[in-house]
Amino acid sequence: MTVAVFGKDDPPRMHRRSLLRLAAGGLAMPGLPSAGSALAAAVPDRTFRITMVLGRGESDNEYGFKDYLARRGLRIDYTIRDTGGDTGRLPGIVEEIRDTRPDLVYSWGTPQTRGIVGPFDEADPRRHITDIPVVFTFVAAPVDAKIVPDLGRSGRNVTGTIHIAPIAVQLNTIQAYRPIRRLGVVYNPLERNSVLTIEGLRAEAALRGLDLIEEPVPLDGRGEPMAAAVPDALARVAARGAEVLYIGPDTFIAFHNRSVVAAEALRLRLPTFSATELIVRTDKAMLALASSAYGIGRFTAFKAAQILVDGASPADIPVETLKRFSVIINMATVRALEYYPPIGLLNFAEIVES
């Protein structure tokens, strides 16, 4: 169940005032045309070529993207390239894109997107894609990452979608579950997306009088984050008095090491909040405020169709997030921790048992 995250039409009997502010800063999602609509009927009689640059293999995000375009009746020839999280592979992928010149590039994640299009103030046509439309997804902070200068209009060959709720809304959700004073976070200091999230958390925590307990993952001799060091970092967060562990949009923590993070937090009896859904659905993290990855994929495809079918310029298509998010609660973890949410939150949360 996907729920509107608490705006002016919230259930009237919520007990915590913070619940009424959770939707602050959300952007509206345009209506997606159905397969039978007039817009959907205007399908060019040709096959489009899309190169998808991924960082962790195909997921619900890509399935949603492909499904939307298929339902629109578009014929697509997909080329899939996956860095596996190794951005050192991007120059070769960029060169291939430049040589093959697809109709559109789909880019997943901040590192891939920055490597493909370059920072908006330092894009180099010799190293980046500057003359082929690029639609990105799963980029948490595209302005701070210098992918676009403005969400309303990028002014370049780039547009896309944001997959997470604003940090203020995330912290409202945590406080609505149970008021806390100390929030812990373990993160990859080499992942720009994660560093930007930490900066946002610091600012918001300061406004609320929260103590943010930070533990960057140590680096090995090659300068890479050490997966083996994650349990010790979690133990330090717990020992320093964190009441909840924040799991941000950090590929190293929330995807590659999600099973270890969730299991170790549960062993430490540390409740977990995630800004993305997967770790709650599959690995027993406790709580998430998230957009559906499949839905985000469809929304990204909607923007791709504006370019391919309608001839719109990505420079003029706003970068947006979904207006609606799901509060997801893993009740097996709740019971194991005996960390129960208020009834008001249970009334509209999606409950998973795993």
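Now for a quick tour of the structure. What you see is a predicted model, and the numbers here were worked out from it, not measured in a lab.

Cut-off values and rules
Residues numbered from 1 in each chain as written. Predicted model: local features only at pLDDT ≥ 70, side-chain atom pairs only at ≥ 80, totals over all residues. Heavy atoms only, no water. Helix = DSSP H or I, 4+ residues; strand = E, 2+ residues; numbered from the N terminus. Buried < 20%, exposed > 50% of the residue type's maximum accessible area, 1.4 Å probe, protein only. Contact = heavy atoms within 4.5 Å. Areas by Shrake-Rupley, 256 points an atom, 1.4 Å probe, with all protein chains shown as cover. Arc of directions from axis to C-beta. Salt bridge = Lys/Arg side-chain N within 4 Å of Asp/Glu carboxyl O. Pairing = 2+ DSSP bridges. Axes fitted to C-alpha atoms, helices over the stretch in contact; angles between N-to-C directions. Parallel < 35°, antiparallel > 145°, perpendicular 65-115°, else oblique. Left-handed = near helix turned anticlockwise from the far one by under 90°.

## Some remarks on the overall build of the chain
Of regular secondary structure, the chain possesses 13 helices and 13 strands. Every one of the 354 residues in the chain was classed for burial, and the buried ones make up 53%. Partitioning the intrachain contacts of the chain with sequence separation of at least 6 by distance along the chain shows that 74% fall at a separation of at least 24. When the accessible area of the chain is evaluated, it comes to approximately 14,800 Å², of which 51% is carbon and sulfur surface.

## Quick word on helix α4 (residues 110–117)
Among the residues of α4, those classed as buried are T110, Q112, T113, I116 and V117. Buried residues along α4 cover an arc of 165 degrees about the axis, so they all sit on one side. In this fold, the buried residues of α4 make contact with β1 (47–54), α3 (90–100), β3 (104–108), β4 (134–137), β5 (158–162) and α6 (192–208). Positive phi appears at G118, one or two residues downstream of α4, with a value of about 75 degrees.

## As for the pattern of salt bridges
For the coordinates displayed, the defined rule picks out 22 salt bridges. A salt bridge links D131 to R101; the shortest N-O distance between them is 3.3 Å. In this pair, D131 sits in the loop between α4 and β4 while R101 sits in the loop between α3 and β3, placing the two residues 30 residues apart along the sequence. The exposure class assigned to R101 is partly exposed, which follows from its relative accessible area of 40%. Here R267 ties to E264 by a salt bridge, and the two come within 2.7 Å at their closest N and O atoms. Of this pair, R267 and E264 both sit in helix α9 (residues 258–267), separated by 3 residues, roughly a single helical turn. Three or more residues are tied together by salt bridges with common partners; here these are D124, R126 and R127.

## Quick look at the sheet that holds strand β10 (residues 287–290)
The strand order across the open sheet formed by 7 strands is β7-β6-β8-β9-β10-β12-β13, and the pairing between neighbours is mixed. For this open sheet the edge positions go to β7 (211–216) and β13 (350–352), each flanked by a neighbour on one side alone. The mean angle between the axes of side-by-side strands here comes to 25 degrees, regardless of whether they run parallel or antiparallel. By the bridge criterion, 3 bridges tie strand β8 (residues 244–247) to strand β9 (residues 272–274) in an arrangement that is parallel. Counterpart to Y246 in the pairing with β9 is F273. Relative to the sheet, α6 contacts β6 (182–187), β7 and β8, its axis offset from that of β7 by approximately 160 degrees. The sheet contacts of helix α7 (residues 230–239) involve β6, β7 and β8, and relative to β6 the element is tilted by about 165 degrees.

## A few points about the packing of helix α2 (residues 60–71) against helix α11 (residues 293–308)
In a packed pair of helices, the relevant descriptors are the angle between the two axes and the axis-to-axis distance. Between α2 and α11, the least distance of the axes is 6 Å, while the angle of their chain directions is 45 degrees. For the element pair α2 / α11, the angle class is oblique. Viewed along their axes, α2 and α11 form a crossing whose handedness is right-handed. Mapping the contact onto sequence places D60, N61, Y63, G64, F65, D67, Y68 and L69 in α2 and A293, Y294, I296, G297, R298, T300, A301, F302, A304 and A305 in α11.

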